[in-house]
Amino acid sequence: MKVVSNSISQKVNFSMVFNDFKQLTKVGLSLSVVFSSLAGYLLAVDKIHVLTLILLAIGGYLMVGASNAFNQIIEKDTDALMKRTMNRPLPTGRMHVSMALVIAIAFTIIGLTILYSINPKSALFGAISIFLYTSVYTPLKSITPLAVFVGAIPGAIPFMLGWVAATNDFSIEPGMLFLIQFFWQFPHFWAIAWLQYDEYKKAGFNLMPMGQKNKKAVIQIIIYTFCLIIVSVIPVLKLTGSFYIYPITAVILLLLGSTMLFYAIKLYKKLTSKVARQLMLSSVLYITLIQIIYVVDKFLH
């Protein structure tokens, strides 16, 4: 019975450690970034190289995992003030900061090495992403709402990183992918900031565009949503190199974008958390679907 008890205890301990690891590296977010990177890769290639695809997935995951770990190390004390984050491994003391730092550094070194094995430009953009997220965006969050603008840069890199991994080149095509995900960051994140406004305030963060949950802030959300819709369909004009889409695809993207715009306008009228959540969920659906649609469109050419 004692052997069985010890075995169960070990399984429980392993499960807890693994869950803490997942929370530290934000597995869900990391996997969504990998999805974006793979979509960018598929848009760039005529022939898929499985090894490159695997290396990109692993390197991209480690890159984002490192950024998230560094972020939680820096924000350990402020995370303890918010209900959404107070049960993370560092604020609760389940994981020591030194262990989190080892994971973050290891992920950084291994991730960038893997990306470098694909090509040097992939590693360069990976390093830029980690640096901006941890050394600029994270400290700025407690100082100015402009932190969101800075954070949108590393947040927009994964989609274009896939193209760079495939071509070892940064030109108009990956630049366009960057712009699409860059503009998407604003309505998506501000919808989250609306929902977490009081919690962020406890931690000293004020990340709404105008500093308040009001109509002026929502106007910014509407403007950036409109910009997102425009840049998403620009490839139909065939001004973006080898990255272009069919007119019917552009129409589908306009309809998808109109859903986001609908909720943004509805938020302006209602100013409620319910609508902000609808906007946030529609933004997640939008970025996922357009990446799939772009890839499908490409392979129909």
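So, a few notes on the structure that sits alongside this text.

Criteria and thresholds
- Residues numbered from 1 in each chain as written.
- Predicted model: local features only at pLDDT ≥ 70, side-chain atom pairs only at ≥ 80, totals over all residues.
- Heavy atoms only, no water.
- 1 Å grid on protein atoms, 1.4 Å probe; cavity = no way out; pocket = protein on both sides within 12 Å on 5 of 7 lines; lining within 4 Å.
- Points joined across faces, edges and corners; volume = space filled by probe spheres on them.
- Helix = DSSP H or I, 4+ residues; strand = E, 2+ residues; numbered from the N terminus.
- Nonpolar A, V, L, I, M, F, W, Y, C, P; charged D, E, K, R; others polar.
- Patch = residues over 30% accessible without salt bridge, like charges linked within 9 Å, V, L, I, M, F, W, Y side chains within 5 Å.
- Areas by Shrake-Rupley, 256 points an atom, 1.4 Å probe, with all protein chains shown as cover.
- Salt bridge = Lys/Arg side-chain N within 4 Å of Asp/Glu carboxyl O.
- Buried < 20%, exposed > 50% of the residue type's maximum accessible area, 1.4 Å probe, protein only.
- Contact = heavy atoms within 4.5 Å.
- Phe/Tyr/Trp six-rings, centres within 6.5 Å; stacked < 30°, edge-to-face > 60°.
- Lys NZ or Arg CZ within 6 Å of the ring centre and 35° of its normal.

### Here we look at the layout of surface pockets
Empty space within the largest pocket amounts to approximately 1200 Å³. Lining the largest pocket are 45 residues, with Leu29, Tyr133, Gln185, His188 and Ile192 positioned closest to its centre. At the level of secondary structure, the elements contributing two or more residues to the lining of the largest pocket comprise α2 (27-44), α3 (50-74), α7 (120-140), α8 (147-167), α9 (172-195) and α13 (273-300). Considering each element in turn, the lining of the largest pocket owes the most residues, 7 residues, to α9. Of the residues that constitute the lining of the largest pocket, the class distribution is 22 nonpolar, 16 polar and 7 charged. In this structure, the second largest pocket spans a volume of roughly 150 Å³.

### Structural notes on a nonpolar patch on the surface
Taken together, Phe35, Tyr246, Ile248, Val251, Ile252, Leu255, Ile292, Val296 and Leu300 make up a surface patch of nonpolar side chains, about 820 Å² in accessible area. Residue assignment for the nonpolar patch shows that the elements contributing at least two residues are α12 (247-270) and α13. Relative to the helices and strands, Phe35 resides in helix α2.

### Here's the deal with the side chain of Ser37
Relative to the assigned elements, Ser37 resides in helix α2. Given a relative accessible area of 1%, Ser37 falls into the buried group. When residues no more than four places from it in sequence are discounted, the contact partners of Ser37 are Leu56, Pro158, Leu161 and Gly162.

### Regarding the packing of aromatic side chains
The final tally for this structure, using the stated rule, is 17 aromatic pairs. Between Tyr133 and Tyr137, the aromatic rings sit 5.2 Å apart at their centres with planes inclined by 35 degrees, giving tilted as the arrangement. On the criterion of helical spacing, the pair formed by Tyr133 and Tyr137 is a turn pair, its members being 4 residues apart in helix α7. Exposure class is identical for Tyr133 and Tyr137. Each is buried. With a centroid separation of 5.7 Å and an interplanar angle of 75 degrees, the aromatic rings of Phe182 and Phe183 are classed as edge-to-face. In this structure, Phe182 and Phe183 share a single accessibility class: buried. Linked through ring pairs, Phe149, Phe178, Phe182, Phe183, Phe186, Trp190 and Tyr224 together constitute an aromatic cluster. A cation over an aromatic ring shows up here: Lys141 above the ring of Phe205, its NZ or CZ 4.8 Å from the ring centre. In this structure, Lys238 packs its charged tip against the face of Tyr244, placed 5.1 Å from the ring centre.

### Regarding empty space enclosed by the protein
Applying the stated criterion across every chain yields a total of 1 cavity of 30 Å³ or more. By volume, the largest cavity amounts to about 30 Å³. Together, Leu256, Thr259, Met260, Ser282, Leu285 and Tyr286 line the largest cavity. Elements with a minimum of two residues in the lining of the largest cavity: α12 and α13. Partitioning the lining of the largest cavity into residue classes produces 4 nonpolar, 2 polar and no charged.

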